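Architecture and fold: a report
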Amino acid sequence: MHKNKHLQHIIGFVLLAAASPAIHAQSDGNISFPAKPIRIVVAFAPGGSLDLISRMISPKFSEYLGQQVIIDNRPGASGNIGSELVARATPDGYTLLNVTLPFVVNPHLVARAPYHPANDFAAIGMICVSPSLVTVHPSVPVHNINDLLALARARPGQINYASAGIGTNPHIAGELFNHLCKAKLVAVHFKGGGPGLIAAMSGEVSATFTNIAETSGFVRARKLRAIAVTSPRRSPAFPELATVAESGLPGYEFVTWFGPLAHAKTPPRVITLLNDNLRKTLTTPEVAKLFSERGLDIVTSTPEEFAAHVKKESERWGGVVRERGMRAE
């Protein structure tokens, strides 16, 4: 009887000792992170720039993290549905949100946004910045910006362009064009840049202002005709292509940015680990080459730098929305 009790004490001590490292790891703030796959939510349909960029980084990001990185498309409400999902997720670093301009524009467009860009999220780091291409269906008799301006002015309200939704990059780029040229191209809203491009290639819409990353392949395949790039300088990916500003609309410039966020209460050490591995991913030669071919300029940043950029962009576009009285119904 005494021996049995002694044996039970020994077994209990061994089990407690074996369990203690796991208990310590859990109580000390995710030391073993990541211990399972990480999900990157893309709040738009497949085929758009945000989706494409997320998939471009995911293989190498997975390799560095030692866990699979899964892309989860959650389209709807110009990105609000996917953004809200991450804002309400468990703050453990396993559910991230890759964002671009609509993330900071939407809260200024709607009466009650389901998230706050600064308060509900923690910045991880910027991925890249990039311009858009102004393109037309090959059947449209337009070969440069002056042609498009002349057609828009001759047929006001009859020439349409594909938007990825209210307040998205193509919508803002198109409305900036309208504002500066005093013409009226009509936005046709889709659930992402991918569906918008399909509509453009089918001739359902006449023009696009879509990101260079998602559009370049279709231009090279001659399914769309590029007539200008929206950046202040020509793109190395299309050096022969004039900018909008130099080809008929002075003062026009549209360049956007991309980067992942986590829930605001995610442990700082997890944010640091994610940032470190994102920077490693972006500086590998194969990823750098892939981005360069797509006309994307890689930007590596600290979480603090990206947070400051998101705040600055929110203030900037909030002012534009108020000045122009823009609202989403």
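Residues numbered from 1 in each chain as written. Predicted model: local features only at pLDDT ≥ 70, side-chain atom pairs only at ≥ 80, totals over all residues. Heavy atoms only, no water.

A separate point is the packing of aromatic side chains. Counted under the stated rule, the structure contains eight aromatic pairs. Taking 5.5 Å as the distance between ring centres and 55° as the angle between the ring planes, the aromatic pair formed by Phe-177 and Phe-209 counts as tilted. With Phe-177 in helix H6 (residues 169-181) and Phe-209 in strand E8 (residues 207-211), this residue pair connects regions lying 32 residues apart in the sequence. Where Phe-177 meets Tyr-252, the ring centres are 6.3 Å apart and the plane angle is 70°; that geometry is what we call edge-to-face. Here Phe-177 is found in helix H6, whereas its partner Tyr-252 is found in the loop between strand E9 (225-229) and strand E10 (255-263), with 75 residues between them in sequence. (Phe/Tyr/Trp six-rings, centres within 6.5 Å; stacked < 30°, edge-to-face > 60°. Helix = DSSP H or I, 4+ residues; strand = E, 2+ residues; numbered from the N terminus.)

Looking now at the layout of surface pockets. There is about 320 Å³ of room inside the largest pocket. Secondary structure elements with two or more residues in the lining of the largest pocket: strand E5 (128-136) and helix H11 (303-324). Broken down by element, the lining of the largest pocket gets its largest block of residues, three residues, from E5. (1 Å grid on protein atoms, 1.4 Å probe; cavity = no way out; pocket = protein on both sides within 12 Å on 5 of 7 lines; lining within 4 Å. Points joined across faces, edges and corners; volume = space filled by probe spheres on them.)

For any two helices packed against each other, the geometry comes down to the angle between their axes and how far apart the axes lie. Helix H10 (residues 285-293) packs onto helix H2 (residues 49-65) with a crossing angle of 170° between their chain directions and a minimal axis gap of 10 Å. When the axis of H2 is compared with that of H10, the two are roughly antiparallel. Between H2, through Ile-53, Met-56, Ile-57 and Lys-60, and H10, the contact on the second element is made entirely by Glu-286, Val-287, Leu-290 and Phe-291. Of the residues in the contact of H2 with H10, the class split is six nonpolar, no polar and two charged. (Axes fitted to C-alpha atoms, helices over the stretch in contact; angles between N-to-C directions. Parallel < 35°, antiparallel > 145°, perpendicular 65-115°, else oblique. Contact = heavy atoms within 4.5 Å. Nonpolar A, V, L, I, M, F, W, Y, C, P; charged D, E, K, R; others polar.)

What follows deals with the confidence of the model for the chain. On average, residues of the chain carry a pLDDT of 88, and 89% of them reach 70 or more. Segment residues 1-30 is flagged for pLDDT under 50; beyond a separation of four residues in sequence, or across chains, it makes eight contacts in the model. (pLDDT = per-residue confidence, 0-100.)

We now examine the pattern of salt bridges. Using the criterion set out here, one finds nine salt bridges in the structure. As a salt-bridge pair, Glu-84 and Arg-88 come within 2.8 Å of each other at their nearest N and O atoms. With relative accessibility at 23%, the residue Glu-84 sits in the partly exposed group. Looking at Arg-88, the relative accessible area reads 68%, which means it is exposed. Glu-313 is the partner of Arg-316 in a salt bridge, and the nearest nitrogen-oxygen pair spans 3.4 Å. Placement of both Arg-316 and Glu-313 in helix H11 is noted, with a separation of three residues, approximately one turn of the helix. Judged by relative accessible area, Arg-316 falls into the partly exposed class, the value being 46%. (Salt bridge = Lys/Arg side-chain N within 4 Å of Asp/Glu carboxyl O. Buried < 20%, exposed > 50% of the residue type's maximum accessible area, 1.4 Å probe, protein only.)

Once that is clear, we can look at helix H7 (residues 193-202). Of the positions making up H7, those classed as buried are Gly-193, Gly-194, Gly-196, Leu-197, Ala-199 and Ala-200. On its buried face, H7 sits against strand E6 (160-163), E8 and helix H8 (212-220).

Following the criterion strictly, the structure yields two cavities of 30 Å³ or more and no others. As a volume, the largest cavity reaches approximately 130 Å³. Lining the largest cavity are 14 residues, with Ser-49, Ala-164, Asn-169, Pro-170 and Gly-193 positioned closest to its centre. Counting only elements with at least two residues in the lining of the largest cavity, the list comes to H2 and H6. Class assignment for the residues of the lining of the largest cavity results in five nonpolar, eight polar and one charged. Going through the elements one at a time, strand E3 (95-99) and helix H4 (102-109) are the ones with two or more residues in the lining of the second largest cavity. Here the lining of the second largest cavity is built from residues that sort into eight nonpolar, six polar and no charged.

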